[in-house]
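Report on the structure
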Amino acid sequence: QVQFVESGGGLVQPGGSLRLSCAVSGSIVSTYSMGWYRQPPGKQRELVASITPGGGFTKNYADSVKGRFTISRDNAENTVYLQMNNLKPEDTALYYCNVGTTYSSGYVPRYWGQGTQVTVSS
């Protein structure tokens, strides 16, 4: 069974920064891609960023967060991070960590965390 411990969410003013962390149990983590999804209020869940398990850690980002968010991982700690800078009110959402597989068509999550709330407001 895969278990997630997410942290780092909270309330921040526009232009501020937050760093989300997600520690995942199980040795599978090092062989899987990892990613972050988010679900804004009243909207569908969307992919924010993903990172492959190796090969230089290939990263992909949603257009809306490119240049502001950075995904990284520490395989020794089974942890994935999402550094979020220059946050905007439209970044307000429940952010979910996940573990999955990257195909030629893109990242497909398989296991999900419980989510951590990020609210950007003045």
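What counts, and at which threshold
- Residues numbered from 1 in each chain as written.
- Predicted model: local features only at pLDDT ≥ 70, side-chain atom pairs only at ≥ 80, totals over all residues.
- Heavy atoms only, no water.
- Pairing = 2+ DSSP bridges.
- Helix = DSSP H or I, 4+ residues; strand = E, 2+ residues; numbered from the N terminus.
- Axes fitted to C-alpha atoms, helices over the stretch in contact; angles between N-to-C directions.
- Salt bridge = Lys/Arg side-chain N within 4 Å of Asp/Glu carboxyl O.
- Buried < 20%, exposed > 50% of the residue type's maximum accessible area, 1.4 Å probe, protein only.
- Contact = heavy atoms within 4.5 Å.
- Polar contact = N/O pair within 3.5 Å; in protein donor to acceptor, adjacent residues only side chain to side chain.
- Disulfide = S-S within 2.5 Å.

1. Some points on the sheet that holds strand 7 (residues 69–74)
One open sheet accounts for four strands, arranged 1-3-8-7; its pairing is antiparallel. Unpaired on one side and paired on the other, strand 1 (4–7) and strand 7 mark the two borders of the sheet. Adjacent strand axes in the sheet meet at a mean angle of 15 degrees, parallel and antiparallel pairs treated alike. Both strand 7 and strand 8 (residues 79–84) contribute to a ladder of six bridges, which runs antiparallel. Across the sheet, the residue bridging to T70 is Q83, located in strand 8.

2. Describing the pattern of salt bridges
Per the stated rule, a full pass over the model turns up four salt bridges. A salt bridge links K66 to D63; its shortest N-O distance comes to 3.1 Å. On the accessibility criterion, D63 (64% relative accessible area) is exposed. A network of salt bridges, in which partner residues are shared, links R38, E46, R68 and D91.

3. What about the environment of R110?
Mapped onto the elements of the fold, R110 is located in strand 10 (residues 106–112). Residue R110 is classed as exposed on the basis of its relative accessible area, which comes to 52%. Ignoring sequence-local partners within four residues, the contact set of R110 consists of Y32, V99 and G100. Within the structure, the side chain of R110 is placed 3.3 Å from the side chain of Y111, a separation counted as a polar contact.

4. Some thoughts on the state of the cysteines
Throughout the structure, instances matching the rule amount to one disulfide. With its sulfur 2.1 Å from that of its partner, C22 forms a disulfide with C97. In this structure the cystine formed by C22 and C97 twists about its S-S bond by roughly -80 degrees; its chirality is therefore left-handed. Of this pair, C22 sits in strand 3 (residues 18–24) while C97 sits in strand 9 (residues 93–103), placing them 75 residues apart in sequence.

5. Concerning unusual backbone geometry
At N78, a position not held by glycine, the phi torsion is positive, near 50 degrees. Relative to the assigned elements, N78 resides in the loop between strand 7 and strand 8. At N86, a position not held by glycine, the phi torsion is positive, near 50 degrees. Assignment of secondary structure puts N86 in the loop between strand 8 and strand 9. Among the residues examined, N86 registers a relative accessible area of 42% and is labelled partly exposed.

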